[in-house]
Amino acid sequence: MIRSELAKDILRQGSEVLAIVLLALAVAWVHGRGWLGGHATCLLVLALALVKTIFFFAENLTHILLATRDNMPYHKVLGLMGVNMTQITLSFALDFWLLETADAESFSSINAAWSRSELVFEFFFYSVLNFSFFGFGDVTPLTVPAKLVTLMEVLLAFFTVIFLLSDFVSLKDSLRVRKRHED
């Protein structure tokens, strides 16, 4: 039973990563075909980032509440949240890449001679720094869509890292006390 649950979790998480990558590639393809101009592509990326932010917020909250209800060991919660954080940073890295692809003025310190893979790596690095609150300042968002997408990632990181992970134990204890009072 535990193996089937693990297999379901791996399949679900893998499907989410695949959906994130395919969505980014679809937006890049549509933009590359000229069906959407740079400004429209940036607005589409902004809208999709907002939807993904809401999804990740709800998913993280659901995971933490289920983990608390099921009395999941802390190391398993950390593992689950680590996978979610990886998905989030990948998702935002692709959003940043799409913004830069649609509007080369979206971020500072981006070298126009970089290959696509170098650019994706740079934005993954930028995303990890945003999510971990290090933010070296090598890359800075310059346009409103780039600033808003960066802000969404930082707020989601704050919620995920600070609120959920650091308060997991106290949340677990408070729900246990509430459950005892209901029984």
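Details of the structure are given in the entry above.
Below is a short write-up of the structure. Per-chain numbering applies: the sequence of each chain, read as written, is numbered from 1 onward. The predicted nature of this model means local features are confined to residues of pLDDT at least 70 and side-chain atom pairs, given and counted, to a pLDDT of 80 or more, with totals for whole chains, interfaces and linings taken over all residues. Hydrogens and waters are ignored; side-chain quantities use all the structure's heavy atoms.

### Digging into the side chain of threonine 160
Selection criterion: Starting at the N terminus, helices and strands are each numbered in turn, a helix being any DSSP run of H or I of at least four residues and a strand any DSSP run of E of at least two. Whenever two N or O atoms come within 3.5 Å, that pair is a polar contact, provided that in protein one can donate a hydrogen and the other can accept it, and provided that, for residues adjacent in sequence, both atoms are side-chain atoms.
Relative to the helices and strands, threonine 160 is located in helix H5 (residues 144–165). Within the structure, the side chain of threonine 160 is placed 2.8 Å from the backbone oxygen of leucine 156, a separation counted as a polar contact.

### Structural notes on a nonpolar patch on the surface
We count it as follows: Exposure above 30% relative accessible area and the absence of a salt bridge qualify a residue for a patch, where like charges join within 9 Å and nonpolar side chains (Val, Leu, Ile, Met, Phe, Trp, Tyr) within 5 Å. Per-residue accessibility takes into account occlusion by the displayed protein chains alone, with areas from the Shrake-Rupley method and a 1.4 Å probe. Salt bridges are defined by distance alone: a side-chain nitrogen of Lys or Arg within 4 Å of a carboxyl oxygen of Asp or Glu. Accessibility here uses a 1.4 Å probe with only protein chains present; expressed as a share of the type maximum, an area under 20% marks a residue as buried, one over 50% as exposed, and anything in between as partly exposed.
Taken together, the side chains of Phe121, Phe125, Phe134 and Phe136 present a nonpolar region at the surface, about 480 Å² in accessible area. Within the secondary structure, phenylalanine 134 sits in the loop between helix H4 (116–132) and H5. Here phenylalanine 134 falls in the exposed class, since its relative accessible area comes to 59%.

### Comments concerning the pattern of salt bridges
Evaluation of the coordinates by the stated rule reveals four salt bridges. A salt bridge links glutamate 16 to arginine 12, with the nearest nitrogen and oxygen atoms 3.2 Å apart. You can see glutamate 16 and its partner arginine 12 sitting in helix H1 (residues 2–32), four residues apart, about one turn around the helix. For arginine 12, the salt bridge identified is with glutamate 59, shortest N-O distance 3.0 Å. Of this pair, arginine 12 sits in helix H1 while glutamate 59 sits in helix H2 (residues 38–69), and the two are 47 residues apart along the sequence. On the basis of relative accessibility, which here comes to 9%, the residue glutamate 59 falls in the buried class.

### Here's the deal with the nonpolar core
Keep this limit in mind: The term nonpolar core refers to a set of buried residues drawn from Ala, Val, Leu, Ile, Met, Phe, Trp, Tyr and Cys, joined through side-chain atoms within 4.5 Å. We call two residues in contact whenever any of their non-hydrogen atoms come within 4.5 Å of each other.
With 34 residues, the main nonpolar core has Phe107, Phe123 and Val149 as its most contacted residues. Every element with two or more residues in this core is listed here: H1, H2, helix H3 (74–102), H4 and H5. No other element matches H3, which puts 11 residues into this core. Apart from the residues lying within four places of it in its own chain, the contact partners of valine 149 are Leu46, Ala49, Phe92, Asp95, Phe96 and Leu99.

### Here we look at the environment of glutamate 105
Note on placement: glutamate 105 falls in the loop between H3 and H4. When its relative accessible area of 55% is taken as the criterion, glutamate 105 is described as exposed. For glutamate 105, the contacting residues outside a window of four places in its chain are Leu142 and Thr143.

### Structural notes on the packing of aromatic side chains
Test applied: Two aromatic rings from Phe, Tyr or Trp, using only the six-membered ring of Trp, form a pair when their centres are within 6.5 Å; if the ring planes differ by under 30 degrees the pair is stacked, by over 60 it is edge-to-face, and anything between is tilted.
Within this structure, the stated rule accounts for 11 aromatic pairs. Ring plane angle 65° and centroid distance 4.9 Å describe the contact between phenylalanine 96 and tyrosine 126, whose orientation is recorded as edge-to-face. Of the two residues, phenylalanine 96 sits in helix H3 while tyrosine 126 sits in helix H4, which places them 30 residues apart along the sequence. As far as the burial class goes, phenylalanine 96 and tyrosine 126 line up, both buried. Here a set of aromatic residues connected by ring pairs shows up, and it is made of Phe92, Phe96, Phe107, Phe123 and Tyr126.

### What to know about the packing of H3 against H4
Convention followed: Only C-alpha atoms enter the line fits that serve as axes; for helices the fit covers just the stretch in contact. Angles between N-to-C directions range over 0 to 180 degrees. These descriptions rest on fixed angle ranges, namely under 35 degrees for roughly parallel, over 145 for roughly antiparallel, 65 to 115 for roughly perpendicular, and the rest for oblique. By definition, any crossing whose near helix is turned counterclockwise from its far helix by less than a right angle is left-handed, and any crossing with a clockwise turn is right-handed. For this classification, the nonpolar set comprises Ala, Val, Leu, Ile, Met, Phe, Trp, Tyr, Cys and Pro, the charged set comprises Asp, Glu, Lys and Arg, and every other residue, Gly included, is treated as polar.
Close contact between H3 and H4 brings their axes to 8 Å; oriented N to C, the two are set at 130°. Here H3 lies oblique to H4, going by the angle between them. Crossing of H3 over H4 shows right-handed handedness. Counting all contacts with H3, which are made through Met85, Ile88, Thr89, Leu90, Phe92, Ala93, Phe96, Trp97 and Glu100, the residues of H4 involved are Arg116, Leu119, Val120, Phe123, Phe124, Tyr126, Ser127, Val128, Asn130 and Phe131. Grouping the amino acids of the contact of H3 with H4 by side-chain chemistry returns 14 nonpolar, three polar and two charged.

Any functional reading would require information beyond the geometric quantities listed.
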